[in-house]
Amino acid sequence: MSQRSPVLSRASGLPGEKTHPLPESIPEETTGKETQDAEPPLQAGRFSWLRNIDMTKAEWDILVASTCLKALLFPAYRSTDFEVHRNWLAITHSLPISKWYYDTTSEWTLDYPPFFAYFEKLLSIPAYLVDPRIVDLNNLNYSAWSVIAYQRTTVIVTELVLGAAVLKFARGAEDPAMQRIISASLFLHPGFLIVDHIHFQYNGFMFGILLWSLLMARNDRKLASGFLFAVLLNFKHIYLYLAPAYFVYLLRSYCLSPTGTLLPGRFLSLANAVILVFLASLGPFLLMGQLPQLLSRLFPFTRGLNHAYWASNVWALVTALDRVLLKVVSRGQLSNLNVNASGVASTSRGLVGDTVFAVLPTVKPIHTFAITVAFQTIYMGKLWTNTSYKSFVTALTLCGFTSYMFGWHVHEKAILLVLVPLSLLAAEDNAYFRTFTIASVAGIYSLFPLLFTPTETLIKIVYSVLWAVFVLRPIHRQVYQFPQGVFTVAIDVLERLYLAGFPLLQLFATLFPLFSQWRSGTPSASSETVKSPEDGVSALEFLPLMLTSVYCAIGLVWAFIRLSVIYLSRKD
């Protein structure tokens, strides 16, 4: 099987949209530019080893410039996740493995799978050399410059796994010029800058593993693809959302012949690879009889439907509708509707816990699970009949999208499960590109409330706008086709109006707290402050957060519908 790039053959999109095939070769003017961008010969000396790294001058420029920017963000705002990971360094360094998943010295207990715990253990070794207080289990909320610089640096260094993966995607692609844009867009993605390099996590590292797995699938190395995905699952269990696509794809395309006959050798090879990974991860805890304790940390079921800040999904729209109906009922209208008293305060002020609706029927975990499985089953049926690489990536994206849309207690950061694989499809044609544009704008903006201080507000806005200009414009020029027919023209206009609403939303989110502060004469609370109804907080305090969540949810739900229609209506 020949290698396939993410930029594959083109087909029709939504009804009325025209296809626009990309050129099979790079235009002459692009080839000339590539010659200019070629890496110049390096002088002999201490940096002569760089000759062996397959990178162009432009790629080196991106790496150096982005690294400098990330280093400048060391003093920036950091969330409680920063202390979470520092505490995990201390747990894995100070305690024997038998106590890792039992320790409660800090409220930030270890709740990631064992491979991530081993990863923290490795990082704790140089951390101790940098500053022993970093890995002191009782040194809670340690914020010296040494720990800030060290942990920020580990994010930059481990993100090179992502950088290496996107470089490999550009090598051997059918359209290298376009793939370079997509690869750069992933490495420089605002989601990673916001969530990893400011807020603080290691998503770039783990999505790098995912992209390596997808690269193996593109290159028809499916056993390696499955192995890497098993490794990823043992780093962070949120990637279970993508597991149905991997299961169907590997079973149908690797373990079964075209006629549907089981290939025992391949099946056993894949099974052994996956079992080996899980044994390396869970084996020590299985031998110690700690598997139930580990699973209780990984899968806590005491949380509510919504996170403190509503993830921009279907449940955000349902919750907002419940709030609107409650207001209507409280004014004496629709008096035939019953009001659940326990649901009046629930989900209205960013609280974490059980979500109870006041007017609408309350959603239970079993409901979200059933809806998620139902949608994913539809996509897996299509993937079973078409196991091409493009079909696999689209089905994988829809698996992540479905879990984000309908999952229980979804975090806003989970939108990266959609935006990263969807990026690989961005240049397929106009239909995919428009879906990618809407999902990216709404998805990235939905992460903005994670950073609420003035300095970071300017950074996130400027960086995201620059990213959109340098990524969306060249792809738009390559694939855009004016919609044909009244229906598609109307959709195009509505989508443009929706995207034009984000500057207005940002203006409101910026000015409303200032206006509220001016009227009350007291400092406004930050978006991460959680207060109880008894505190007397204004009912409008969370209005900017609610509007952000709902407005982004509208775009993401539409992008979800759009991608579903594209995938299910096509034969490619």
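The sections below set out a description of the structure shown in this document. Just so it is clear, the model here is predicted, and its values are computed rather than measured.

### Considering the overall build of the protein
Secondary structure assignment for the protein yields 21 helices and zero strands. Counting every position in the protein, which comprises 572 residues, the buried fraction comes to 51%. Accessible surface computed for the protein: about 25,500 Å², of which carbon and sulfur atoms make up 67%.

### Some remarks on a nonpolar patch on the surface
On the surface, a cluster of nonpolar side chains totalling about 560 Å² of accessible area is made up of Leu-458, Val-462, Val-465, Leu-466, Val-469 and Phe-470. Note that Val-469 resides in helix α19 (residues 454-479). On the accessibility criterion, Val-469 (33% relative accessible area) is partly exposed.

### As for empty space enclosed by the protein
Counted according to the given criterion, the structure contains two cavities of 30 Å³ or more. Volume-wise, the second largest cavity comes out at about 30 Å³. Around the second largest cavity sit Lys-382, Lys-390, Ser-391, Thr-394, Tyr-432, Ile-566, Tyr-567, Arg-570 and Asp-572, which together line it. Where the lining of the second largest cavity is concerned, the elements lending two or more residues are α16 (389-406) and α21 (543-569). Of the residues forming the lining of the second largest cavity, the biggest block, three residues, is contributed by α16. In terms of residue class, the lining of the second largest cavity is made up of three nonpolar, two polar and four charged.

### Structural notes on the environment of Leu-547
For Leu-547, the position within the fold is in helix α21. Exposure remark for Leu-547: the relative accessible area of 32% places this residue in the partly exposed category. Setting aside chain neighbours within four positions, we find Leu-547 in contact with Leu-505 and Phe-508.

### Topic: helix α12 (residues 264-287)
In this model α12 runs just 30 Å from its N-terminal to its C-terminal C-alpha over 24 residues, more than 12% under the 34 Å that 1.5 Å per residue would give. Remark: the principal bend of α12, roughly 50°, maps to Ser-281, with a proline, Pro-284, within the next four residues. Residues Leu-270, Ala-273, Val-277, Ser-281, Gly-283 and Phe-285 constitute the buried set of α12. As for α12, its buried residues are in contact with α4 (114-130), α10 (222-233), α11 (243-255) and α13 (291-298). Gly-289 lies just past α12 and shows a positive phi near 70°.

### A closer look at the packing of α11 against α12
Helix packing geometry: the angle between the two helix axes and the distance between the axes. At a minimum axis separation of 9 Å, α11 and α12 run at an interaxial angle of 145°. For the pair α11 and α12, contact is made by Leu-250, Ser-253, Tyr-254 and Cys-255 and by Arg-266, Phe-267, Ser-269 and Leu-270, respectively. Of the residues that constitute the contact of α11 with α12, the class distribution is five nonpolar, two polar and one charged.

### Thoughts on unusual backbone geometry
In this structure, Asn-141 takes a positive phi of about 55° despite not being glycine. Residue placement: Asn-141 occurs in the loop between α4 and α5 (145-158). Using a relative accessible area of 56% as the deciding quantity, one classes Asn-141 as exposed. Positive phi, normally seen in glycine, also occurs at Phe-200, with a value near 100°. When you line up the elements, Phe-200 lands in helix α8 (residues 190-200).

### A word on the nonpolar core
Counting 139 residues, the largest nonpolar core has Leu-211 and Leu-214 as its most contacted members. Element by element, the count of residues in this core is highest for α16, at 11 residues. The residues contacting Leu-211, other than those within four sequence positions of it, are Leu-162, Ala-165, Val-166, Phe-169, Leu-186, Val-420 and Leu-424.

### Let's talk about the pattern of salt bridges
Within this structure, the stated rule accounts for 14 salt bridges. The partner of Arg-434 in a salt bridge is Glu-495, and the shortest N-O contact between them spans 2.7 Å. Linking Arg-434 in helix α18 (residues 430-446) with Glu-495 in helix α20 (residues 486-520), this pair joins segments that are 61 residues apart in sequence. Summarising the burial analysis for this pair, Arg-434 and Glu-495 share the class buried. Linked through salt bridges whose partners overlap, the residues forming this network are Arg-434, Asp-492, Glu-495, Arg-496 and Arg-562.

### Focus: helix α9 (residues 203-218)
If you check α9, its first and last C-alpha atoms are 22 Å apart, about what 16 residues at 1.5 Å a residue would give, namely 22 Å. Two residues or fewer after α9 comes Asp-220, characterised by a positive phi angle close to 65°.

### Here we look at the side chain of Ser-225
By the element assignment, Ser-225 lies in helix α10. Setting aside residues up to four positions removed in sequence, Ser-225 forms contacts with Ser-213, Met-216, Ala-217 and Tyr-246.

### Some remarks on the environment of Val-314
Its location among the elements puts Val-314 in helix α14 (residues 314-330). The class for Val-314 is buried, based on a relative accessible area of 18%. The spatial distance from the C-alpha of Val-314 to the C-alpha of Met-405 is 5.4 Å, given a sequence separation of 91 residues. Sequence-distant contacts of Val-314, defined by excluding residues within four places in its chain, comprise Met-405, Phe-406 and Val-557.

Each value, and the rule that gives it
- Each chain has its residues counted from 1, running along the sequence as written.
- For this predicted model, a pLDDT threshold of at least 70 governs which residues receive local features, and a threshold of 80 or more governs which side-chain atom pairs are given and counted, while totals over whole chains, interfaces and linings are taken from all residues.
- Processing note: side-chain calculations cover all non-hydrogen atoms of the structure and skip hydrogens and water entirely.
- Helical segments are the DSSP runs of H or I of at least four residues, strand segments are the runs of E of at least two, and each set is numbered from the N terminus.
- The classification of residues rests on relative accessible area computed with a 1.4 Å probe and restricted to protein chains. Under 20% of the type maximum is buried, over 50% is exposed, and intermediate values are partly exposed.
- Computed with a 1.4 Å probe, the accessible areas rest on the Shrake-Rupley method; for each residue, only the protein chains presented here act as cover.
- Residues enter patches when they are more than 30% accessible in relative terms and free of salt bridges; like-charged ones are connected within 9 Å and nonpolar ones (Val, Leu, Ile, Met, Phe, Trp, Tyr) within 5 Å.
- By salt bridge we mean one thing: a side-chain nitrogen of Lys or Arg within 4 Å of a carboxyl oxygen of Asp or Glu.
- Using protein atoms alone on a 1 Å grid, points that fit a 1.4 Å probe yet trap it form a cavity, whereas open point sets bounded by protein on both sides within 12 Å along at least five of seven lines form a pocket; residues with an atom within 4 Å of a point count as lining.
- Grid points are joined across faces, edges and corners, and a volume is the space filled by probe spheres set on the points.
- Asp, Glu, Lys and Arg are counted as charged, while Ala, Val, Leu, Ile, Met, Phe, Trp, Tyr, Cys and Pro are counted as nonpolar; the rest, among them Gly, fall into the polar class.
- Throughout, a contact is declared for two residues whenever any of their heavy atoms are within 4.5 Å.
- One fewer than the residue count of a helix, multiplied by 1.5 Å, yields its expected span.
- One axis fitted to the seven residues ending at a residue, another fitted to the seven starting there: the angle between these axes is the bend at that residue.
- Axis angles are defined between N-to-C directions and span 0 to 180 degrees, where every axis is a line fitted to C-alpha atoms and, for a helix, only to the segment in contact.
- Only buried residues count toward a nonpolar core, which is a set of Ala, Val, Leu, Ile, Met, Phe, Trp, Tyr and Cys residues joined through side-chain atoms within 4.5 Å.

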